[in-house]
Amino acid sequence: MLENVEPLFAAAIFALGLCFGSFLNVCIYRLPLGKSVVTPRSACPHCGDLIPLYHNLPVLSWLILRGKCRACKQPISPRYLVIELLTGLLFLGCYTHFGLTLAMLKCIVLGYLLLGLVFTDAETKLLPDAMTLPGLALGILFSLVVPVNDLASRIMPGLVSTALRGEISWRLWSLSDSLLGAAVGASFLYGAAAIYLRARGVEGMGFGDVKLMALIGAFLGTKLTVLTIFAASLAGSLFGLSTVLAVWMKRTRRSQARGSASSDARRRAWHSARLALRYYEMPFGVFLGSMALLSFLFGNCVLHWYWSAL
Ligand SMILES: [Zn+2]
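Residues numbered from 1 in each chain as written. Predicted model: local features only at pLDDT ≥ 70, side-chain atom pairs only at ≥ 80, totals over all residues.

Draft legend 1. Molecular detail of the environment of Leu127. By the secondary structure assignment, Leu127 is in the loop between helix H4 (102–124) and helix H5 (129–142). Separated by 83 residues in sequence, Leu127 and Val210 have C-alpha atoms that sit 9.9 Å apart. The residues touching Leu127, leaving out its near neighbours within four places in the chain, are Leu117, Thr120, Asp121, Thr132, Gly208, Asp209, Lys211, Leu212 and Gly285. (Helix = DSSP H or I, 4+ residues; strand = E, 2+ residues; numbered from the N terminus. Contact = placed C-beta atoms within 7 Å.)

Structural data, given as structure tokens:
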């Protein structure tokens, strides 16, 4: 795995990742506002000061300016630094893992899209179509050059090779898995969103999550899409539960400090915890996106281990 890694080339890939991360920051800020990501030049959101090209260096500029605008000294979100570093690591990680292959490119594209979507969802609770729809198309296209379900062909090599001979049928197999993954992912989320709306009367998951899940399904194929939904639901539930628990404990402690009777305090704390549960809007896209990336990288290992443990 690592013997084919060229150190100089790896450094170049990492630097390229930092630059792409810089552009991703622009997308995260502008796409939810419906602005163009090409023009005008970047400016400070507080004072409108145009950022000169020599301050557009990824990571370095943020460190040199110590995270503050050079004109108005308002803080610049550390998210800029985090995104740039994560994108750099994504590029480097994919290169060292896959080498210079189409699989590397596919993983980079998926990771890049998911990074952008996860951070946009966390900040604005929006999943812009400008990211999800081209992403869906890319996922379907990639299935034609990188096999989506390579575990299926590993477990059943005889079946796949006898039933589907030659290059073209391999691509057809992969394409159908990608399309089915997109359909399964989208319809599951659509169903969940409808049930959620019925049960709670507030829109917890929007149409953006449905499109995000279609994108994930197209890249991952059917099996890993199901794994992603399962893992994201689990992570989301645990997060929601711990949020409610945290509210409940904080309120109980606060009213006990005020000297209320503890049964009364507990009752009132329970009431605010229920309110929190009702009105808390979970950015479910954050869980879907991060679990999708983990499933893409480790899902087959996890499933293999699970099956062999049974
Ligand atoms: Zn400023």
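What follows picks up the thread again.
Draft legend 2. Summary view of H5. Between its first and last C-alpha atoms H5 spans 19 Å; for 14 residues at 1.5 Å apiece the expected length is 20 Å, and the two agree. Buried within H5 are the following residues: Met131, Thr132, Gly135, Leu136, Gly139, Ile140 and Phe142. Down the axis of H5, the buried set is contained in an arc of 160°. They therefore lie on one face. Away from the buried face of H5 by more than 90 degrees, exposed residues Pro134 and Ala137 are located. (Expected span 1.5 Å × (residues − 1). Buried ≥ 20, exposed ≤ 12 C-beta atoms within 10 Å, placed from the backbone. Arc of directions from axis to C-beta.)

Draft legend 3. Looking closely at unusual backbone geometry. Of note in the backbone geometry, Val59 takes a positive phi value of approximately 60° without being a glycine. In this fold, Val59 is placed in the loop between helix H1 (7–30) and helix H2 (60–64). Taking the C-beta count within 10 Å as the criterion, Val59 has 16 such neighbours and is therefore assigned partly exposed. A positive phi angle, close to 50°, is found at Arg66, a residue other than glycine. Considering the arrangement of structural elements, one finds Arg66 in the loop between H2 and helix H3 (79–98). Classification of Arg66 as exposed rests on a count of 9 C-beta atoms within 10 Å.

Draft legend 4. Geometry of the packing of H3 against H4. At a minimum axis separation of 9 Å, H3 and H4 run at an interaxial angle of 160°. Classified by the angle between their axes, H3 and H4 sit roughly antiparallel to one another. When you trace H3 past H4, the crossing you get is right-handed. Contacts between H3 and H4 involve Arg79, Ile83, Leu86, Thr87, Leu90, Phe91, Cys94, Tyr95 and Phe98 from the first element and Ala103, Met104, Cys107, Ile108, Gly111, Tyr112, Leu115 and Phe119 from the second. Residues that form the contact of H3 with H4 fall into these classes: 14 nonpolar, 2 polar and 1 charged. (Axes fitted to C-alpha atoms, helices over the stretch in contact; angles between N-to-C directions. Parallel < 35°, antiparallel > 145°, perpendicular 65-115°, else oblique. Left-handed = near helix turned anticlockwise from the far one by under 90°. Nonpolar A, V, L, I, M, F, W, Y, C, P; charged D, E, K, R; others polar.)

Draft legend 5. Representation of the packing of H4 against H5. Where H4 contacts H5, the two axes come as close as 11 Å, and the packing angle between them is 160°. One element, H4, and the other, H5, form an angle in the roughly antiparallel class. With respect to the hand of their crossing, H4 and H5 are arranged in left-handed fashion. Here H4 contributes Lys106, Val109, Leu113, Gly116 and Leu117 to the contact with H5, which in turn contributes Met131, Thr132, Gly135, Leu138 and Phe142. For the contact of H4 with H5, the per-class residue count stands at 6 nonpolar, 3 polar and 1 charged.

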